[in-house]
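Descriptive analysis of the structure
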Amino acid sequence: MQQIYSSLKRLGYEVVERVCNKSLLTNVRKDEPDVVFNLSSIYAWDKTYLIPAVLEIAGVRYTGSGILGLSLARHYTKLFPLLFNSGIRVPAFAVITAGNPPPDGLRYPLTLLREGLRGGLSLRNAEDLDRTLDLFPAGEGVLLLEQM
C-alpha cells in the first residue's frame, strides 16, 4: 500500500488514505475521489465484500474486485458450481453436507473448504474426511476438491 501511495504522490496526484471503519461511507462522500484504489481483497477479513458495496453506494469509481467477486471468493459451495456450469475448468469437486455420507468418485488427497474461511484442510483418505466432518455442525455445507 505504501508503494502505491508513494508512487501516486510522486506523480503529482492528491492521495487520501482511508481505513475501513464506520466512517468510511461518510469520508468517501466527503472526499469526492476521482477513483478509489480498493485493496480490500489482500486482507483476510471475511467481510471484504462490504468495501466495494460502500464504494458503490457512495457512487465512486474504484479498482479491484467488486461485490460479487469478493462475495464468491469465500463461498466455495456456490463458487465452484458456478465456475463449472459456466464452462470454466476446475478440479473435480463435490459440495456435501456435514452429517451425510460423502460421495463416491473423488480421489484423495482432497482439500476441504468451509464457507467464509480462507484456506482449506488437506485430507489424505476417507478416515480423515469422516473424522473432520464429525467436528462440523450437521447440515453445514462444505466443498471437497481434488488436489492437482
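Relevant structure appears above.
Residues numbered from 1 in each chain as written. Predicted model: local features only at pLDDT ≥ 70, side-chain atom pairs only at ≥ 80, totals over all residues. Heavy atoms only, no water.

**As for the packing of aromatic side chains**
To describe a pair of aromatic rings, you give the distance between the ring centres and the angle between the ring planes. Within this structure, the stated rule accounts for 2 aromatic pairs. When the centroid spacing of 6.0 Å and the interplanar angle of 75° are considered together, the rings of F84 and F93 count as edge-to-face. Residue classification places F93 among the partly exposed residues on the basis of a relative accessible area of 21%. The rings of F80, F84 and F93 are connected pair by pair, giving a single aromatic cluster. Above the ring of F136, the side-chain terminus of R114 is found at 3.9 Å from the ring centroid. (Phe/Tyr/Trp six-rings, centres within 6.5 Å; stacked < 30°, edge-to-face > 60°. Buried < 20%, exposed > 50% of the residue type's maximum accessible area, 1.4 Å probe, protein only. Lys NZ or Arg CZ within 6 Å of the ring centre and 35° of its normal.)

**Quick notes on the sheet that holds strand β3 (residues 121-123)**
Pairing is antiparallel in the open sheet, where 4 strands are placed in the order β1-β4-β2-β3. Because the sheet does not close on itself, it has two edges, and the strands there are β1 (93-97) and β3. This sheet shows a mean twist of 30° between the axes of neighbouring strands, independent of strand direction. Two strands pair when backbone bridges link them, and strand β2 (residues 110-114) and β3 are joined in this way by 3 bridges, in the antiparallel orientation. Of the residues in β3, the one forming a bridge with T111 is S122. Against the sheet, helix α5 (residues 76-85) contacts β1, β2 and β4 (141-146), and its axis sits at roughly 50° relative to β4. Sheet strands touched by helix α6 (residues 126-133): β1, β2, β3 and β4. Its angle to β3, the strand with the most contacts, is close to 140°. (Pairing = 2+ DSSP bridges. Helix = DSSP H or I, 4+ residues; strand = E, 2+ residues; numbered from the N terminus. Axes fitted to C-alpha atoms, helices over the stretch in contact; angles between N-to-C directions. Contact = heavy atoms within 4.5 Å.)

**A short note on the side chain of T111**
Looking at where T111 falls in the secondary structure, it is placed in strand β2. The exposure class assigned to T111 is buried, which follows from its relative accessible area of 17%. A distance of 3.0 Å separates polar atoms of two side chains, one belonging to T111 and the other to Q147. Those residues in contact with T111 that lie beyond four places of it in its chain are G120, L121, L143, L144, L145 and Q147. (Polar contact = N/O pair within 3.5 Å; in protein donor to acceptor, adjacent residues only side chain to side chain.)

**As for the packing of helix α2 (residues 24-31) against helix α3 (residues 50-58)**
Packing of α2 against α3 brings their axes to within 10 Å, and their N-to-C directions diverge by 45°. Here α2 is positioned oblique relative to α3, judged by the angle of their axes. The crossing of α2 and α3 is right-handed. Note on element contacts: α3 touches α2 through V54, L55, I57 and A58, opposite L24, L25, V28 and R29. Of the residues contributing to the contact of α2 with α3, the split by class is 7 nonpolar, no polar and 1 charged. (Parallel < 35°, antiparallel > 145°, perpendicular 65-115°, else oblique. Left-handed = near helix turned anticlockwise from the far one by under 90°. Nonpolar A, V, L, I, M, F, W, Y, C, P; charged D, E, K, R; others polar.)

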